[in-house]
Amino acid sequence: MHLLRTKMNIVICGHVDHGKSTVVGRLLADTNSLPTGKLDQVRANCERNSKPFEYAFLLDALKDEQSQGITIDAARVFFKTQSRDYIIIDAPGHIEFLKNMVTGASRAEAALLVIDAKEGVRENSKRHGYLLSMLGISQVVVLINKMDLVDYSESVYNSISSEYRAFLSQVGINPASIIPISGREGDNLVSVSQNMPWYSGTSVLTQLDSFKKEKQPVDSPFRLPVQDVYKFTANGDDRRIVAGTIESGRIQIGDEITFYPSGKTAKIATVESFNTALKSKSEAGDATGFTLDQQIYITRGELAAKTGEPKPVCSSLIRVNLFWLGRNPLVKGKDYLLKIGTSRVKIKLETVHKLLDAVNLETLESATQINRHDVADCTFRLAKQVAFDLTSDFAGTSRFVIVDDYEISGGGIVKEAIDDKNPAETGWRKNVLKWEIISENRDLKTNFDSEKGNLILISGTDHQDAINLAAEKERELLLLGEKPILISISDDLSFADTSIYQTDTTREQQVQFLSGFLPVLLNTGSTVIISASRLTDEEVKLFR
Amino acid sequence: MNQLDQLEARSVYIFREAYANFKNLCMLWSIGKDSTVLLWLARKAFFGHVPFPLVHIDTHYKIPAMIEYRNKLALEFNLNLIYGENTEALANKLTFPDGNVDRLTCCKNLKADALKNTLSGEWPRFKLNHSTGEFDLDTNREAYTGVIVGARADEEGSRSKERYFSPRNKESSWDVGDQPPEFWNQYKTDFAPGTHVRIHPLLDWTELNIWEYIEREKIPTVDLYYNQGEGKRFRSLGCWPCTHSVDSDSKNVAEIIEELKTGKFANIAERSGRAQDKEDGGGLETLRREGYM
């Protein structure tokens, strides 16, 4: 096996014209990372056109070569030091900059934030700082550029650096260092410059090389958003594999796993993989799969945790920090789609608590909508409960995006799960557990006043989900040669599957009628499957 | 986890997201090293299975060894293999080797147009019949809405601008300047009717990574990549009239890895042996905007 050099993705950002391209060009030139002859070629070009050479032209020349002059988008340039290879994800400052920067920074492990010494801290110096914080980039180095234009002045450096450090600390970023540089003159980029004897820190390269490769959080509680449950039957394969990438923690054969929000549990029977030695465990970072010792019904969107470890949160009312990039503002009364982990759920904007001006961190308290490039503190109501973590507990599983009209239009982190006062919602988990007891514990049969039939109650917040699950159960029983009776109860439409009710029958009347009628059905010896969204404890009692 | 493990894990994650979110999913298979690594990663993601069709655009000018290798692997791995072609252009000899069009137009006819119309289902598709080993007309004419492609960012300039999930509009074209953001590991999996999404699990892989992975996993590759004793090998594979070999003594995977590490090709584009790139001014932007992979 060859020794693999490590690679690190870094993103460079900062206000427009603060010298990002010059810094990158200089880094490429001074680390000998340019194609042979490129530097001379660009210099010669400048001479021919009687314009002063700039290192930024190097980047343009590379891009022209790569892209035929088409505006490059989050493109990558490479340079290497003795210790590792770097990929600079460059997100140029056009109108789409923020979308590209988000994309670039999502793949980065460290960030360079460039500030012009003459101009000082500007709007995007702040906005980008805020975004890096929300995206979870903790390894940040600030470059105060164009020091040659301010006579390498220590006091200019001090004043910008204390102003910016104060800002960054408000958004939770503690920069590894703030380095005075000149991209044009190459000061403090690859080696420490003589032009600023008052500066006692390191060069940019030394600082980058000291950044750590991010370690996978193997010692945190186990979290795996279920991507899918596979049952590929080709070639007699009978494995039923729960697949996903481990966000944190570790698992091994025999561990008991609880899936949220369903609350179902089972033990890991095997750890699955293709073309590897037999595995018995798996840890954070692995795109893994495992089988369970029991056939429990789970689907994509559940969050797997280890029984006994700290649990994730389940809620349908969440307070978040959100960054909005959508063309249209985020408004109340409209349905949006939330994607968190692997779950997808319809949401509505409930309350805008604060609109945070990312530039001066001033807050607007009375906003009713969230505009493009706004940062907001707001609450969303979800159409059903989902499982996640709070950002203060574990950032990875607190991250979400919002889809508006097919487009990812915003991203954010969950700060708080609000106790949902809606009783139908809070009763939901309990009822799902009850369903399992009723369907799986045969002793309960006697409760139904029947010698022959079985009753299966299926519930959930989503009416369609409950119907789907009920239909699946029905199919299963039909295959076993039974003759199940499937009945669905709904809040808003009367029995879709039968016509024994008036269309204006209330849910209460439906439940009353059915509970009276139930023993007759059960006496036929059939299994009766009732699906109803949001069954309450009282309703379950009635059926018993 | 080493770098290859990390690359593999990300690719597998992308595969599974694609499979969970797209009902009509397919994977393009050009038979080259990248798309064969892609195929291998699919088997990693789905535990030995490949639960979607592999689509190959047959220009009928591929080096014959490639087609042989394609059919052999499809039968061996039990793959759902489908091919499409531009029957009309081939019949009317509107190709570069026939001397009737330039290289770029030939690429557009035999690749970009064939791809567009095969994906949309407008032109016939041919499906490998595993019991006869022959290709039958595919009765499924539904458009593919998710298309997995083996493009790598380091391969050439325009590919470095791709997202992991890049949307294509109704005309299959690509709006490079206005692409959706990708926050963390959340990708564009919602799309308007008539549009489709190109999915790029190999975006972060380099040419060296590809060979290191082929070595680690012992992935079967077509012999054309190796020096057969004449001091030449192919670095990138395509149609024979437009694909040239490079000078190289590398006879096996390990020697290719060593060769790449010496930096011998550092200043020579991987696709420099692909003549059509030069006619596109050194990049594939024009072709790719029109749907070329």
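Procedures and definitions
- Residues numbered from 1 in each chain as written.
- Chains lettered and ligands numbered in written order.
- Predicted model: local features only at pLDDT ≥ 70, side-chain atom pairs only at ≥ 80, totals over all residues.
- Heavy atoms only, no water.
- Helix = DSSP H or I, 4+ residues; strand = E, 2+ residues; numbered from the N terminus.
- Buried < 20%, exposed > 50% of the residue type's maximum accessible area, 1.4 Å probe, protein only.
- Contact = heavy atoms within 4.5 Å.
- Areas by Shrake-Rupley, 256 points an atom, 1.4 Å probe, with all protein chains shown as cover.
- Phe/Tyr/Trp six-rings, centres within 6.5 Å; stacked < 30°, edge-to-face > 60°.
- Lys NZ or Arg CZ within 6 Å of the ring centre and 35° of its normal.
- Pairing = 2+ DSSP bridges.
- Axes fitted to C-alpha atoms, helices over the stretch in contact; angles between N-to-C directions.
- pLDDT = per-residue confidence, 0-100.
- Core = buried A, V, L, I, M, F, W, Y, C linked by side-chain atoms within 4.5 Å.
- Domains from an automatic or database assignment.
- Buried area = accessible area lost by both parts, 1.4 Å probe.
- Salt bridge = Lys/Arg side-chain N within 4 Å of Asp/Glu carboxyl O.
- Polar contact = N/O pair within 3.5 Å; in protein donor to acceptor, adjacent residues only side chain to side chain.

## Considerations on the overall build of chain A
Thought 1: Of the regular secondary structure elements, chain A holds 12 helices and 25 strands.
Thought 2: A buried classification covers 54% of the 544 residues belonging to chain A.
Thought 3: Within chain A, contacts between residues at least 6 apart in sequence are counted, and of these 71% link residues at least 24 apart.
Thought 4: Approximately 24,200 Å² of chain A is accessible, and the part contributed by carbon and sulfur atoms is 47%.

## Considering the overall build of chain B
Thought 1: When its secondary structure is counted, chain B shows 9 helices and 10 strands.
Thought 2: Split into buried and exposed, the 293 residues of chain B put 63% on the buried side.
Thought 3: Put simply, 71% of the contacts in chain B that link residues at least 6 apart link residues at least 24 apart.
Thought 4: Only carbon and sulfur atoms are counted for the fraction: they give 50% of the accessible area of chain B, which is about 10,400 Å².

## Some details on the packing of aromatic side chains
Thought 1: Under the counting rule described, the total for this entry stands at 30 aromatic pairs over all chains.
Thought 2: When the centroid spacing of 6.1 Å and the interplanar angle of 85 degrees are considered together, the rings of Trp324 of chain A and Tyr336 of chain A count as edge-to-face. With Trp324 of chain A in strand β16 (residues 313–324) and Tyr336 of chain A in strand β17 (residues 336–340), this residue pair connects regions lying 12 residues apart in the sequence. Neither residue differs from the other here; Trp324 of chain A and Tyr336 of chain A are each classed as buried.
Thought 3: Members of the aromatic cluster, joined through ring pairs, are Tyr230 and Phe232 of chain A together with Phe15, Tyr19, Phe46, Phe47 and Phe52 of chain B.
Thought 4: A cation sits over an aromatic face here: Arg107 of chain A above Tyr164 of chain B, 4.2 Å from the ring centre.
Thought 5: Looking at Arg43 of chain B, its charged tip hangs above the ring of Trp40 of chain B, at a distance of 5.3 Å from the centre.

## As for the sheet that holds strand β8 (residues 228–230) of chain A
Residue and element names in this part refer to chain A.
Thought 1: Taken in spatial order, the 7 strands make up an open sheet running β7-β15-β11-β12-β14-β9-β8, and their pairing is antiparallel. In the strand order of this sheet, the two ends are held by β7 (224–225) and β8, each with one partner.
Thought 2: Two strands pair when backbone bridges link them, and β7 and strand β15 (residues 303–306) are joined in this way by 2 bridges, in the antiparallel orientation. Note that in β15 the partner of Pro225 across the bridge is Leu303.

## Observations concerning the sheet that holds strand β23 (residues 454–460) of chain A
All names here are of chain A.
Thought 1: Overall, parallel pairing links the 3 strands, which are arranged β23-β25-β24 in an open sheet. Two strands in the sheet have a free side with no partner beyond their single neighbour: β23 and β24 (485–489). For this sheet, the mean inter-axis angle between neighbouring strands, taken without regard to orientation, is 15 degrees.
Thought 2: Judged from the 7 bridges that link them, β23 and strand β25 (residues 527–533) form a sheet pairing that is parallel. In the sheet register, Ser459 faces β25, and the bridge partner there is Ala532.

## Here we look at the pairing of β24 of chain A
All names here are of chain A.
Thought 1: Counting buried positions along β24 gives 4 out of 5 residues, so the element sits mostly inside the fold.
Thought 2: By the bridge criterion, 5 bridges tie β24 to β25 in an arrangement that is parallel. In the sheet register, Ile487 faces β25, and the bridge partner there is Ile530.

## Details of the environment of Thr527 of chain A
Residue and element names in this part refer to chain A.
Thought 1: Relative to the assigned elements, Thr527 resides in strand β25.
Thought 2: In this structure Thr527 comes out as buried when scored by relative accessible area, which is 5%.
Thought 3: Sequence separation between Thr527 and Leu455 is 72 residues; the distance between their C-alpha atoms is 5.8 Å.
Thought 4: Residues contacting Thr527, with those up to four places away along its chain left out, are Asn454, Ile456, Leu477, Glu482, Lys483, Pro484 and Ile485.

## Considerations on the confidence of the model for chain A
All names here are of chain A.
Thought 1: Looking at chain A, the pLDDT average stands at 82 and 84% of residues meet or exceed 70.
Thought 2: Note on residues 66–74: pLDDT is under 50 here. Beyond four places in sequence and across chains, it has 33 contacts.
Thought 3: Across residues 422–450, where pLDDT falls below 50, the model places 58 contacts with residues more than four positions away in sequence or in other chains.

## Here's the deal with the nonpolar core
Thought 1: Formed by 76 residues in total, the largest nonpolar core has its most connected members in Ile10, Phe79, Leu132, Leu143 and Leu208 of chain A together with Phe183 of chain B.
Thought 2: Sort the elements by how many residues they give to this core and strand β4 (residues 110–116) of chain A lands first, with 6 residues.
Thought 3: Inspection of this core shows a minimum of three residues originating in each of domain 1 (7–210) and domain 3 (313–420) of chain A.
Thought 4: Apart from the residues lying within four places of it in its own chain, the contact partners of Leu208 of chain A are Ile10, Phe79, Arg84, Tyr86 and Leu112 of chain A.
Thought 5: Counting residues in hydrophobic clusters, the runner-up holds 66 residues, among them Val50, Val197, Leu237 and Ile256 of chain B.

## Some points on the interface of chain B and chain A
In many reports, interface size means the accessible area that the parts give up when they come together.
Thought 1: Residue-level contacts link 64 residues of chain B with 74 residues of chain A.
Thought 2: Summed over both sides, the interface of chain B with chain A buries roughly 5,600 Å², with 53% coming from carbon and sulfur.
Thought 3: Interface area lost by chain B to chain A is led by Phe47, Phe183 and Trp184 of chain B, which between them contribute 16%.
Thought 4: Across the chain B-chain A interface, the total number found is 4 salt bridges.
Thought 5: Where chain B packs against chain A, one counts 21 residue pairs in polar contact (both at pLDDT 80 or more).
Thought 6: Listing elements by their share of the side of chain B that touches chain A, those giving two or more residues are α1 (3–21), α2 (33–45), α6 (207–217), α7 (253–261) and α9 (285–289) of chain B.

## Some thoughts on the pattern of salt bridges
Thought 1: This structure, assessed with the given rule, holds 38 salt bridges over all chains.
Thought 2: Note that Asp255 of chain A and Lys306 of chain A form a salt bridge whose closest N and O atoms lie 3.3 Å from each other. Placement of the pair is Asp255 of chain A in the loop between β10 (250–252) and β11 (256–260) and Lys306 of chain A in strand β15, with a sequence separation of 51 residues.
Thought 3: Two residues, Arg70 of chain B and Asp58 of chain B, come together in a salt bridge whose shortest N-O distance is 3.7 Å. Taken together, the residues span a long stretch of sequence, with Arg70 of chain B in helix α3 (residues 64–76) and Asp58 of chain B in the loop between β2 (54–57) and α3 at a distance of 12 residues. Asp58 of chain B carries the same exposure label as Arg70 of chain B, and that label is buried.
Thought 4: Taken together, the shared-partner salt bridges connect Asp5, Glu8, Lys44, Arg216 and Glu217 of chain B into one network.

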